[in-house]
Amino acid sequence: MSTEINPTRGEEKMTHSKTEAPFGQGQNVGPAFGSGLPAADFAQRVRLNQQKLRSDLKPQYDFIVCGSGSSGSVVARRLAENPNVSVLLLEAGGDDDVPSVMDADKWPTNLGSERDWNFQAQPNSHLNGRSVPLSMGKVLGGGSSINVMTWARGHQSDWDFFASEAGDPAWSYASVLQIYRRIEDWHGAPDPAYRGTGGPVFVQPAPDPNPIAPAMLEGARSVGIPTFENQNGRMMEGEGGASIIDVCVRDGKRQSVFRSYTFPYMDRPNLTVLTHTLVTRLMFDGKQVTGVEMFYDGKTHRVGAGLEVVLSLGAIQTPKVLMQSGIGDQAALQRLGIPVVQHLLGVGQNFQDHVAFLCRPSSGRAPLGERVRTYRRARRKFPCRAPRMPHGLACLSVGGPYSVASSGPKAEAVSV
């Protein structure tokens with residue numbers, strides 16, 4: 001029911017032998033990647049191919065991937081690299097070929113639109129009763145089609161914690177670093193120890209950052225915060241720091257995970273991508289998943305999976321579909337009148353989100369250094385209420401989408 005991503009030996013290992021191809025086999029296929037066609041001609045070929053595939057849906061596919069976000073796009077592409085298997089990729093939202101998605105600087109217009117699930121958190125007493133919006137992508141590419149396009153790998157301490165909890169060194173920082181190097185197409189200053197070139201994901205330092213950004217770096221240096229050449233190299237191994245952010249934007253155009261991975265393979269006969277398709281539940285034979293039930297084109301359809309169903313619907317929709325399918329806490333399912341297929345505690349629980357915050361220029365306040373010290377004192381006194389992102393990345397967006405990032409186990413948000 002899932003695809004195992006095993007980074008032990010620098011490759012993504014699928015759970016079925018039919019798909020065990022080295023990463024990147026045939027990856028340079030598509031517009032400007034070996035097709036020999038101009039981008040517009042390739043896009044037309046994709047449209048015609050997908051129209052044909054959608055008009056003749058099969059009752060069964062080898063693999064059904066539910067959700068075309070950052071995870072689903074990668075899994076669908078990797079599976080479709082094997083021409084001997086058929087792959088169906090399902091997306092509840094619509095096409096990503098719209099200016100608000102493709103033009104990177106228009107990203108705020110997606111929030112609250114039809115390309116956003118528009119989830120809302122429950123009122124939180126720690127936030128003066130406010131209800132925080134939880135934006136999640138409902139479009140080809142998922143969150144990678146509506147977010148700011150910051151390329152953030154994650155801190156060494158997080159990856160090593162995952163490896164320790166899993167008892168598997170494949171998830172350690174040293175192991176995952178090699179995967180990041182392989183999938184990157186880095187267009188900044190050469191840094192072969194940390195950055196890769198030739199991979200499917202275009203990454204570059206934020207182009208033409210707002211002048212406030214380097215001023216903030218200088219301000220960080222002045223109060224003893226280390227600064228780095230970029231956020232995804234040495235900074236991910238330190239106690240914290242600041243840098244200009246890396247972005248997946250090329251010539252002002254968003255390079256979503258869907259566009260980087262899936263789109264170049266959509267001219268192939270073994271990959272069908274269905275939009276406006278809502279997965280409602282899994283189908284079973286006993287406790288064996290056999291396919292999915294979905295709402296598409298105004299009707300309910302049931303499609304079988306010969307090998308596997310992959311759920312990559314995001315942190316809210318994935319447990320929702322599991323519970324609608326009868327997998328979850330027995331008491332909760334029975335309360336909702338859902339027949340229990342598998343009692344599994346934890347489904348629909350333990351949601352975690354990273355903290356986002358805004359910085360705004362202001363005047364007539366205490367110097368930055370004093371405010372940093374005040375903030376740190378507040379964090380020590382009220383550790384649950386001060387906003388920070390433990391061990392992770394915090395972006396300071398100042399006067400524009402591309403500016404400064406701070407990171408590390410002691411990364412803190414500072415209002416300036």
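Before reading further, recall that the structure is shown in the block above.
All of these numbers come straight from a predicted model, not from anything done at the bench.

About the cut-offs
Residues numbered from 1 in each chain as written. Predicted model: local features only at pLDDT ≥ 70, side-chain atom pairs only at ≥ 80, totals over all residues. Heavy atoms only, no water. Axes fitted to C-alpha atoms, helices over the stretch in contact; angles between N-to-C directions. Helix = DSSP H or I, 4+ residues; strand = E, 2+ residues; numbered from the N terminus. Contact = heavy atoms within 4.5 Å. Nonpolar A, V, L, I, M, F, W, Y, C, P; charged D, E, K, R; others polar. Pairing = 2+ DSSP bridges.

Before going further, it helps to examine the packing of helix 4 (residues 156-166) against helix 5 (residues 173-183). As a packed pair, helix 4 and helix 5 sit with axes 8 Å apart at the nearest point and diverge in direction by 115°. Each of Q156, W159 and D160 in helix 4 lies in contact with helix 5, whose residues at this interface are Y173, V176 and Y180. Among the residues making up the contact of helix 4 with helix 5, the classes are represented as four nonpolar, one polar and one charged.

Moving on, we come to the sheet that holds strand 8 (residues 246-247). Strand order across the open sheet formed by three strands is 5-6-8, with mixed pairing between neighbours. Two strands bound the open sheet, and with one partner strand each, they are strand 5 (184-186) and strand 8. By the bridge criterion, two bridges tie strand 6 (residues 201-205) to strand 8 in an arrangement that is antiparallel. By the bridge assignment, P205 is partnered in strand 8 with D246. Each of strand 5 and strand 6 is contacted by helix 5, which is oriented at about 65° to strand 5, the strand it contacts most.

Below, the discussion takes up the sheet that holds strand 1 (residues 60-66). The strand order across the open sheet built from six strands is 11-2-1-14-13-12, with neighbouring strands paired in mixed fashion. Across the chains shown, the open sheet's two edge strands, defined by having one partner strand only, are strand 11 (271-274) and strand 12 (277-285). Recorded for the sheet is a direction-independent mean angle of 40° between the axes of neighbouring strands. As paired elements, strand 1 and strand 2 (residues 87-90) share four bridges and run parallel to each other. By the bridge assignment, I64 is partnered in strand 2 with L88. Strands strand 12 and strand 14 (299-311) of the sheet are contacted by helix 8 (residues 314-324), whose axis makes an angle of about 45° with strand 12.

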